[in-house]
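# Structural overview for review
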Amino acid sequence: MQSISFAYRQLNALILGKPLQIRLALTCMLAGGHLLIEDVPGVGKTTLAHGLAGVLGLDYRRVQFTSDLLPADMLGVSLFRPDEGRFEFQPGPVFSQLLLADEINRASPKVQSALLEAMEERQVSIDGQTHALPKPFFVIATQNPDGQLGTFPLPESQLDRFLMRISLGYPSPESERALLLAGDRRQALSALPAALQAGELLALQQKAAKVSASSALADYVLALLLASRKRELFVHGLSPRAGLAILAAARAWAMLDGRDHVLPEDVKAVFVVVCAHRLQSRLPGMSSIDAAQRLLDHVPLA
Amino acid sequence: MRSEPRLAHFAVLAALALTVLPLFLQLPPWVPLLFALQLGGRAWLAWQGRQLPHRVWLLLAMIVPVLLLWLSLRTLVGREGGVALLLLLTGFKAFETVTLRDWRVLLGLGFFLAATPLLFDQSLPSALWLLLSLFVLTWAMVLLAGGDSAASPRAAAQALLYAMPLMLLLFVAMPRLPGPLWSMPTTDQRATSGLSDSMAPGSIGQMIPSQEPAFTAQFRGRQPAREQLYWRVMVFDRFDGARWTAGSVPDSAAALASGAAGELSYSITATPFKGALPVLEHAVWAGEGVQQGTAQLVRRIDARNEARLRYDMRSVAQAAYPATLSAEQRAHYLQLPAANLRTRQQGEFFARQFRDETGRLAALSAWLQQQGLRYTLSPPLLQGDVVDDFLFSSRQGFCEHFASAFATLARAAGLPARIVVGFQGGEFNAGGQFWLVRSSDAHAWTEVWLQGRWQRVDPTALVAPSRIVSEVGELVPEAQAVLPVLGRRPPQWWHTVHAQWQRAGFVWQQWVVDYDARRQQSLFQRLGLGRVGVGSVMTILLLGGVLLVLPLLLWLLWRRPPVRSYPVRGWQLLVSRLQEAGVAAQASDTPAQLRDKATVLAAVQQQQLTRLLADWQQWRYAEGATDSDPRWRGWWWQVRRFRPPRLAAKKRTGR
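Fair warning: this is a prediction, and the values are worked out from it, not measured in the lab. (Residues numbered from 1 in each chain as written. Chains lettered and ligands numbered in written order. Predicted model: local features only at pLDDT ≥ 70, side-chain atom pairs only at ≥ 80, totals over all residues.)

### Notes on the overall build of chain A
Tallying secondary structure elements over chain A gives 13 helices and 9 strands in all. Residue burial in chain A is summarised as follows: out of 302 residues, 43% are buried. In chain A, 76% of the contacts between residues at least 6 apart in sequence involve partners at least 24 apart. (Helix = DSSP H or I, 4+ residues; strand = E, 2+ residues; numbered from the N terminus. Buried ≥ 20, exposed ≤ 12 C-beta atoms within 10 Å, placed from the backbone. Contact = placed C-beta atoms within 7 Å.)

### Quick look at the overall build of chain B
A tally of regular secondary structure across chain B gives 23 helices and 19 strands. Across the 655 residues that make up chain B, the buried fraction comes to 32%.

### Topic: the sheet that holds strand E8 (residues 138–143) of chain A
Residues and elements named next belong to chain A. With respect to topology, 5 strands assemble into an open sheet ordered E2-E5-E8-E1-E9, the strand pairing being parallel. Only two strands of the sheet have a single partner each, and these edge strands are strand E2 (60–64) and strand E9 (162–166). Averaged over all adjacent pairs, the angle separating strand axes in this sheet is 20 degrees, with direction ignored. When strand E1 (residues 34–38) meets E9, the two strands line up parallel, connected through 4 bridges. Bridging across to E9, His34 finds its partner in Phe162. On top of the sheet, helix H2 (residues 19–30) reaches E1, E8 and E9; it is set at about 175 degrees to E9, its chief contact. Together, E1, E2, strand E5 (98–102) and E8 form the strand contacts of helix H3 (residues 45–56), whose direction differs from that of E5 by roughly 175 degrees. (Pairing = 2+ DSSP bridges. Axes fitted to C-alpha atoms, helices over the stretch in contact; angles between N-to-C directions.)

### Quick look at the UniProt feature "transmembrane region" (unreviewed entry) in chain B
Within this numbering scheme, the UniProt entry marks residues 7–24, 56–73, 103–120, 126–147, 159–177 and 532–558 of chain B as carrying the feature "transmembrane region" (unreviewed entry). Helix makes up 83% of residues 103–120 of chain B and strand 0%, whereas the separation of the span's terminal C-alpha atoms amounts to 28 Å. (UniProt positions renumbered as here; feature names shortened; annotations may be inferred.)

### Let's talk about the interface of chain B and chain A
With 16 residues of chain B at the contact, the number on the chain A side is 19 residues. For the side of chain B that touches chain A, the elements supplying multiple residues, two or more each, are helix H20 (566–580) and helix H22 (603–621) of chain B. Here the side of chain B that touches chain A takes 4 residues from H20(B), the largest share from any one element. Here the side of chain B that touches chain A is built from residues that sort into 8 nonpolar, 5 polar and 3 charged. (Nonpolar A, V, L, I, M, F, W, Y, C, P; charged D, E, K, R; others polar.)

### Considering the nonpolar core
One finds Met164(A), Ile246(A) and Ala249(A) to be the most contacted residues of the largest nonpolar core, which totals 111 residues. The dominant element in this core, judged by the number of residues it contributes, is helix H11 (residues 240–256) of chain A, at 12 residues. Non-local contacts of Met164(A), meaning those with residues more than four positions away in its chain, are made with Leu24(A), Cys28(A), Gly33(A), Leu35(A), Leu36(A), Ala249(A), Val273(A) and Val274(A). One finds Phe273(B), Val290(B), Ala405(B) and Leu436(B) within the second-largest nonpolar core, a separate group that totals 73 residues. (Core = buried A, V, L, I, M, F, W, Y, C linked by C-beta atoms within 7 Å.)

### Some words on the pairing of strand E3 (residues 230–236) of chain B
All names here are of chain B. Burial runs high along E3: 7 of the 7 residues are buried. The pairing of E3 with strand E15 (residues 417–424) spans 6 bridges and is antiparallel. Opposite Val235, over in E15, you have Val420 as the bridge partner. The pairing of E3 with strand E8 (residues 279–280) spans 2 bridges and is classified as antiparallel.

### With respect to the sheet that holds strand E10 (residues 290–292) of chain B
The 3 strands are arranged E7-E11-E10 (chain B) in an open sheet whose pairing can be described as antiparallel. Both outer strands of the open sheet, strand E7 (276–277) and E10 of chain B, are each paired with one neighbouring strand and no more.

### Remarks on the confidence of the model for chain B
For chain B, per-residue confidence averages 80 on the pLDDT scale, and 85% of positions sit at 70 or higher. Confidence over residues 470–487 of chain B falls short of pLDDT 50; this stretch has 22 contacts with residues more than four positions distant or in other chains. (pLDDT = per-residue confidence, 0-100.)

The following block contains the structure:
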């Protein structure tokens, strides 16, 4: 646990004024989920991804998604070795512990679906051969907000492969001033010490999964799920997978708090980032984030 | 979704306004109007989310309306005064209604106010209005309890339906006092039956026929003919030349008549007019509650009681009275003032011409028929000697004119005569098998002492026979019931609906309003319970109530899981306690959020709250926590005892 709080402090020194987002990102990693960061360019998405890889001691690859990217460019190819007389699999960038899929909504749907399949199955099948992805395996995808030219928005059915969707937003004036004075963060990145040993992250993930959730807490999550399906706020309600995701994220959040059991406040802390990208608001002029927050404000704890 | 509290508050105010609507007809109009303004003002404050006025202001504001009330009614007690005061005070109560408990009190007052229109009017429309009021009040109660707003009308109807058997049981079995439960002084003595205690026909230029029902009568067995229906109410025997009044000479023929031929047995439901009640001629038997008085009149035994009464009577068509007229009485019934000289001369002429009294009466009648008199409800006003003016000049009038003229003539001719005032005829309701007599059926006729008994002579029948056989409405176009909207003769279906409505009103009166101690006892006897005293009825009711409620209680207890629901109900209670204290708590808040919001409370309460919340969180969400933990019971009781005082308005964080 000390190593995690060390990682937390390191990241906060790297990305100024965003403690909540950093904590959510860490929670996502501890819950073993993939993270979607939605924001305008230049607010530190890549830095956060890079920093996470650094402090968690993961090997890290980055793929810039473009419209002419092919699935093989990401997954890898089988090359014929004439001297050995056989095919050899040349793994692509997806075979890394942390893959940064930059601007995922610029790639063609074909590439998107190949990546999302890999994320779900945690393995890649090419030419009839199945190649397991490394453990742990995370994808941090970034995307620009909707409405920009030349994008293929991810379909809702695939969006829910991501455990969380967060956005960083512009820094506060003080943070930005500090940033301007401190200079380029890339330098700080390379100097970032790894906070976790190899295998330590997996152990922490297992520990997070064991955080206990009482039946009363399950009832609360259930009440949230049922309320989302009442068709007052949303086009479609939350799926059972979303319910499991809420619980997993809440467990990791509780562990970061140093507790061995989940409280309703943990659920409330992660609910919006876990659920907003899985929901479509029915109310005009209200984003799914606002609608999710409204749902939280109306479902009683008991 | 649970209903918003503000919605429930509006519902309570609206229900109160609806409930007292009938009082507009009974109280000085400004009282209900002020009440409506008060409710509207309170609703406006709730809508705007403004603070309520300070109590001192309320107290000061109360002075003026209460003073006005005193000035307009001269009393603050009794029926009008008491109800008006209650209304005003309830209106002011709305301005110090803040917490849920206050709103419940206000709603309770509403249930009480809903009964007040019954003090003025117990007819079927009032009862239907009460039913509507009860429904709306119950609806508001459901909303106030946080019920689902969409399902609330259904829930309210259900609750009322469940209460119905108990209501019926209490109505049937609750001990009734003989006589009215309370005798409330009223401020006005309205004559509702179209009668007055004197008669001065010359002073009436137009008689407006009122369709208001005066009384109902139901005959058992033999039904009477319409021309037989002379309902006596009062007798006028003193005449001052213009006005007939009731004299005070005792009538020796006070005893009941005897006779058997063509006996009619009937019950009348009527409101006494100064103690007097309608009765058919020649009553031979009077039932409970009434007594036969002088001049064949019937009075209520407790004459001061003006409440509606149902009584049984028997009358015969012809009867013999064991009576003679004393010299003193004879002189009284021949008394005439020194006026109307022409009429007196005419009478004296007949007295000289016809020695035989029967012949004299026949000649008088024949003479009257030859005078070309015309029946009208809008006669010209009479001047000077009114009887002379009528008989020899205007020759237009209605029953009072005819009766007055004929009685004067008869007295001048040496025949003792008097005027009987009451009703003639009525409308037979075939569906309900009863006669409805209206104010427009009011009538006056004369009686002449002939051959040892009083004989009825109806001069109106002599002059306009159709007035007696048919109804006024058919004779005089103005008197016809006119649909207020259409302004023309009502169609047939209107008559049908009208008759059905009257029938319903009759049944209501007969079975609900008239259900008194006497009828209750007879019902008990018919059910084989014998004579049941008040004590035993109360015991039966109490036992019955316990037996009725006990299974319900047991069912409720059995239905509720023993400990499981304590944390859930306790949480809701805790949140509402905080809300009542003025903390903007919500059931969707986490314990930590509640703690933060409750920092406005006093330190002691904050400590209590912190402990309650910590226990709740620990026992509910820690590893191995279950809702069936036995500690929950104790925790629940601690929550029940947790009552933070209401915050002062300045510190309040929300509504």
